[in-house]
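Notes for the structure review
Read off the chains here:
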Amino acid sequence: MTGPGPHNLITDVPGLAVGHAVDEKVRSGVTVILPDRRAACSVDIRGGGSGTRETDLLRPEAMMPAVDAICLSGGSAFGLDAASGAMQWLAKHKRGYAIREFIVPIVPAAILFDLSNGGDKDWGEEPPYRRLGYAACAQARDGGFALGNVGAGYGAAAGKLKGGLGSASWCEADGLIVAAMVAVNAVGSVTTPGDGGFWAAPYEQGDEFGGRPMAMPHGTLPLGIPAESRLAGHTCIGVVATNAALDKAALRHVATMAHDGLARAVRPVHTPFDGDALFALSTAAWKEQGEAAERNWLIARVGSIAADCVARAVARGVWSAETLGAYASFREASRQP
C-alpha cells in the first residue's frame, strides 16, 4: 500500500525514536531523534543565519561515517548546548563512536531563534538547554508523538502565526519509507494571502492539516515580501529520514532536494535572516531490488518524496500549534474577521 505511514510521523521509519522536552517558563524546548544504532547522516544549510554543531563531520569527505543522535533546539546559540545533554545521556548508555578505550557520542545539532517570544530568558548562569537535551533523550520513544507546541517547536513562530513541530511520512508499496520532521519557525509566511490557506495544500494527504484548499487571491499574486516576514530572526530546522541504504554523499543530495519542500511551504524562504537546516538520516534497513536498484535513481526517488514530506510537515506543525503569548494559532487566527 502507498501512502502515509501508520503514525504519519518520522517514527514510521523503523529504528527511530523521538523525544521532546520543554521549559514552559522559558517558552522553549528541545527535540532529539535517536536511531537505535549509529546511522549515516548529512545536512544541507540555507539562508544566512544558521546555528549548528558538528555539521563539518557530515561532509562526504569527513571521516565520521555515522551519528548517534540529532538534536533540534530553541534558544538561538544558547540552544546548541542541548547537544551536550544528549551526549551525556548517550555516554551514560555506552552509545557512540568507539575509539581506543573511549566512547564518544556524535550529535549534530541545529538551533532556531525563539528568544523574543515573551518567555522568561533570565536563566542566570546556566541556560536550560543541556538539561532539556538530556531529558529529551531520556523520554525518547518510537511510535506516536504529539505535534505543535512540543520540543523544539514549543516557542516557535511562523511569520505572524504560532509555529510548531510537524512531521509526515510516506510509505511505498515496495517497502521504501521516507519521512520528515520540522520545527517551523519561519521568517516567511506559511499561508497564502487573503484566505489564509496553506501554501503546502497541494501536497496534503487526506485532512492531515485541515483540508483547506489553497485559494489564491483574486487578481495578481503579490510578489513583494509579506509584512509578517519583516519580523525576521527565525529559522526552520528539521530531519528527513529513510530506510533506504544511502551513505553520506547520497544523503547530502537528499537533504538538498528536501529543501524544495520548505520552498513549497514557506514564502519567502532561505532569507538572510533564516538558518534553514535539514539533516538527512538513513537507517539502511531496506535495500532496493531488481533493475531499478541504481544509486542515482534511488537518490532522486528518496529526495523527491522527502521534499513533499517536508512541505506537509511544515503545514502540520503550524496546523497543530496552539496560541502562545502574542502568537495566535492558525486555527484561532482563521476564525478572526
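Below: a short report on this structure.

1. Describing the sheet that holds strand β13 (residues 237–244)
Strand order in the open sheet made by the five strands is β3-β14-β13-β12-β11, with mixed pairing throughout. Since the sheet does not close on itself, it has two edges, and those belong to β3 (40–45) and β11 (164–171), each with one partner. This sheet shows a mean twist of 15 degrees between the axes of neighbouring strands, independent of strand direction. Two elements, β3 and strand β14 (residues 277–286), share six bridges in a ladder whose sense is antiparallel. When the bridges of β14 are listed, Val 43 appears paired with Phe 279. Sheet contacts for helix α3 (residues 248–265): β3, β13 and β14; angle to β3, the most-contacted strand, approximately 40 degrees. Helix α4 (residues 295–320) contacts β11, β12 (177–184), β13 and β14 of the sheet and is inclined by roughly 140 degrees relative to β11.

2. Concerning a nonpolar patch on the surface
On the surface, a nonpolar cluster with roughly 250 Å² of combined accessible area is contributed by Ile 99, Phe 102 and Val 104. Checked against the element boundaries, Ile 99 lands in strand β6 (residues 97–99).

3. Brief notes about the packing of aromatic side chains
Scanning all chains against the criterion turns up five aromatic pairs. A centroid spacing of 5.1 Å and a plane angle of 75 degrees characterise the contact between Phe 78 and Trp 123, whose relative ring orientation is edge-to-face. Of the two residues, Phe 78 sits in the loop between β5 (70–73) and α1 (82–92) while Trp 123 sits in the loop between β8 (109–111) and α2 (129–138), which places them 45 residues apart along the sequence. For Phe 78, a relative accessible area of 43% corresponds to the partly exposed category. Here Trp 123 falls in the buried class, since its relative accessible area comes to 18%. Here Trp 123 and Tyr 129 contribute two aromatic rings whose centre-to-centre distance is 5.8 Å and whose plane-to-plane angle is 85 degrees, an arrangement assigned as edge-to-face. In this structure, Arg 331 packs its charged tip against the face of Trp 319, placed 5.2 Å from the ring centre.

Cut-offs applied
- Residues numbered from 1 in each chain as written.
- Predicted model: local features only at pLDDT ≥ 70, side-chain atom pairs only at ≥ 80, totals over all residues.
- Heavy atoms only, no water.
- Pairing = 2+ DSSP bridges.
- Helix = DSSP H or I, 4+ residues; strand = E, 2+ residues; numbered from the N terminus.
- Axes fitted to C-alpha atoms, helices over the stretch in contact; angles between N-to-C directions.
- Contact = heavy atoms within 4.5 Å.
- Patch = residues over 30% accessible without salt bridge, like charges linked within 9 Å, V, L, I, M, F, W, Y side chains within 5 Å.
- Areas by Shrake-Rupley, 256 points an atom, 1.4 Å probe, with all protein chains shown as cover.
- Salt bridge = Lys/Arg side-chain N within 4 Å of Asp/Glu carboxyl O.
- Phe/Tyr/Trp six-rings, centres within 6.5 Å; stacked < 30°, edge-to-face > 60°.
- Buried < 20%, exposed > 50% of the residue type's maximum accessible area, 1.4 Å probe, protein only.
- Lys NZ or Arg CZ within 6 Å of the ring centre and 35° of its normal.

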